[in-house]
Amino acid sequence: MSGIDQYDTVRHFWCPQLGQTINFAYCRKVQGGLPCTRVLTCFAPHFDVAAFIDEHYTPQERDSFLAPAQGRVERVLDTLDRVRQGREEEK
Ligand code: SF4
(Lines give C-alpha, C1' and ligand atoms only; values in the text may rest on other atoms or scores of the structure.)
Protein backbone atom coordinates (compact mmCIF):
# COMPACT_ATOMS: atom_id res chain seq x y z
CA MET A 1 0.00 0.00 0.00
CA SER A 2 1.29 3.43 -0.92
CA GLY A 3 0.93 6.58 1.14
CA ILE A 4 -2.31 8.46 0.75
CA ASP A 5 -0.31 11.66 0.23
CA GLN A 6 1.84 10.32 -2.59
CA TYR A 7 0.06 12.42 -5.27
CA ASP A 8 -0.59 15.52 -3.17
CA THR A 9 1.64 17.72 -5.31
CA VAL A 10 0.07 16.64 -8.62
CA ARG A 11 -1.55 19.73 -10.08
CA HIS A 12 -4.71 19.80 -12.18
CA PHE A 13 -4.59 22.61 -14.71
CA TRP A 14 -8.08 23.97 -14.09
CA CYS A 15 -10.63 23.29 -11.37
CA PRO A 16 -14.11 24.01 -12.75
CA GLN A 17 -15.40 24.69 -9.24
CA LEU A 18 -12.69 27.08 -8.07
CA GLY A 19 -11.60 28.51 -11.40
CA GLN A 20 -7.90 27.97 -10.80
CA THR A 21 -5.17 25.34 -10.85
CA ILE A 22 -5.27 23.06 -7.83
CA ASN A 23 -3.21 20.34 -6.18
CA PHE A 24 -4.55 16.85 -5.55
CA ALA A 25 -3.96 17.44 -1.83
CA TYR A 26 -7.00 19.70 -1.85
CA CYS A 27 -9.14 17.51 -4.10
CA ARG A 28 -8.71 14.34 -2.04
CA LYS A 29 -10.06 15.99 1.15
CA VAL A 30 -12.59 18.54 -0.06
CA GLN A 31 -15.79 16.72 0.98
CA GLY A 32 -15.39 16.45 4.73
CA GLY A 33 -12.07 14.64 4.34
CA LEU A 34 -13.17 12.61 1.34
CA PRO A 35 -12.34 13.33 -2.32
CA CYS A 36 -14.28 15.57 -4.66
CA THR A 37 -17.03 13.95 -6.73
CA ARG A 38 -15.15 14.86 -9.92
CA VAL A 39 -11.81 13.46 -8.83
CA LEU A 40 -11.83 10.61 -11.36
CA THR A 41 -12.53 12.95 -14.25
CA CYS A 42 -10.05 15.64 -13.28
CA PHE A 43 -7.11 13.44 -12.35
CA ALA A 44 -7.39 10.58 -14.84
CA PRO A 45 -4.98 12.40 -17.22
CA HIS A 46 -2.40 12.76 -14.43
CA PHE A 47 -2.11 9.32 -12.78
CA ASP A 48 -4.08 6.12 -12.14
CA VAL A 49 -6.55 7.85 -9.86
CA ALA A 50 -9.05 4.95 -10.04
CA ALA A 51 -6.44 2.61 -8.55
CA PHE A 52 -5.63 5.21 -5.91
CA ILE A 53 -9.31 5.47 -4.93
CA ASP A 54 -9.67 1.67 -4.82
CA GLU A 55 -6.60 1.40 -2.60
CA HIS A 56 -7.43 4.08 -0.06
CA TYR A 57 -11.22 4.19 0.32
CA THR A 58 -13.83 1.64 1.33
CA PRO A 59 -16.71 0.81 -1.02
CA GLN A 60 -19.05 2.77 1.27
CA GLU A 61 -16.78 5.84 1.14
CA ARG A 62 -16.48 5.55 -2.63
CA ASP A 63 -20.26 5.37 -2.98
CA SER A 64 -20.66 8.51 -0.88
CA PHE A 65 -18.18 10.77 -2.62
CA LEU A 66 -18.57 9.47 -6.17
CA ALA A 67 -22.34 10.00 -6.14
CA PRO A 68 -23.27 12.69 -8.65
CA ALA A 69 -23.11 16.10 -7.08
CA GLN A 70 -26.12 18.32 -7.17
CA GLY A 71 -25.91 20.56 -10.22
CA ARG A 72 -25.86 24.34 -10.09
CA VAL A 73 -29.45 24.61 -11.31
CA GLU A 74 -30.66 22.17 -8.66
CA ARG A 75 -28.77 24.12 -5.96
CA VAL A 76 -30.34 27.40 -7.11
CA LEU A 77 -33.82 25.84 -7.17
CA ASP A 78 -33.29 24.38 -3.67
CA THR A 79 -32.23 27.80 -2.39
CA LEU A 80 -35.28 29.45 -3.97
CA ASP A 81 -37.51 26.81 -2.38
CA ARG A 82 -35.99 27.47 1.05
CA VAL A 83 -36.43 31.24 0.63
CA ARG A 84 -40.02 30.75 -0.54
CA GLN A 85 -40.76 28.47 2.43
CA GLY A 86 -39.25 31.03 4.80
CA ARG A 87 -41.47 33.80 3.41
CA GLU A 88 -44.58 31.66 3.66
CA GLU A 89 -43.77 30.87 7.29
CA GLU A 90 -43.47 34.62 8.02
CA LYS A 91 -47.05 35.27 6.79
S1 SF4 B 1 -11.43 17.14 -8.37
FE2 SF4 B 1 -12.96 18.67 -7.75
S3 SF4 B 1 -11.83 20.18 -6.55
FE4 SF4 B 1 -10.34 18.98 -7.73
S5 SF4 B 1 -9.99 20.06 -9.64
FE6 SF4 B 1 -11.63 18.62 -10.03
S7 SF4 B 1 -13.53 19.74 -9.63
FE8 SF4 B 1 -11.85 20.90 -8.68
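Residues numbered from 1 in each chain as written. Predicted model: local features only at pLDDT ≥ 70, side-chain atom pairs only at ≥ 80, totals over all residues.

Observations concerning the site of the ligand
For the record, the criterion: Contact assignment follows one rule, namely that a residue is near a molecule or strand if its backbone-placed C-beta atom lies within 6 Å of it. Helix and strand labels come from DSSP, where a helix needs a run of H or I of at least four residues and a strand needs a run of E of at least two; each type is numbered from the N terminus. Amino acids outside the nonpolar list (Ala, Val, Leu, Ile, Met, Phe, Trp, Tyr, Cys, Pro) and the charged list (Asp, Glu, Lys, Arg) are all regarded as polar, and Gly is one of them.
Around the ligand sit His12, Cys15, Pro16, Gln17, Leu18, Ile22, Cys27, Val30, Cys36, Arg38, Val39 and Cys42, and those are all the residues in its vicinity. Those elements giving two or more residues to the shell around the ligand turn out to be strand E1 (11-15) and helix H2 (39-43). For the shell around the ligand, a count of residues per class yields nine nonpolar, two polar and one charged.

Re the nonpolar core
Note the cut-off: Remark: nonpolar core denotes a set of buried Ala, Val, Leu, Ile, Met, Phe, Trp, Tyr and Cys residues whose joining runs through C-beta atoms within 7 Å. Residues with at least 20 other C-beta atoms within 10 Å of their own are called buried, those with 12 or fewer are called exposed, and the rest are partly exposed. The C-beta atoms themselves are positioned from the backbone. Whether two residues are in contact depends on their C-beta atoms, placed from the backbone: they are in contact if these lie within 7 Å.
In terms of nonpolar packing, the biggest core is built from eight residues, these being Phe24, Cys27, Cys36, Val39, Cys42, Phe43, Val49 and Phe52. Breaking this core down by element, the ones donating at least two residues are helix H1 (24-27), H2 and helix H3 (49-56). Sequence-distant contacts of Cys36, defined by excluding residues within four places in its chain, comprise Cys27, Val30 and Gln31.

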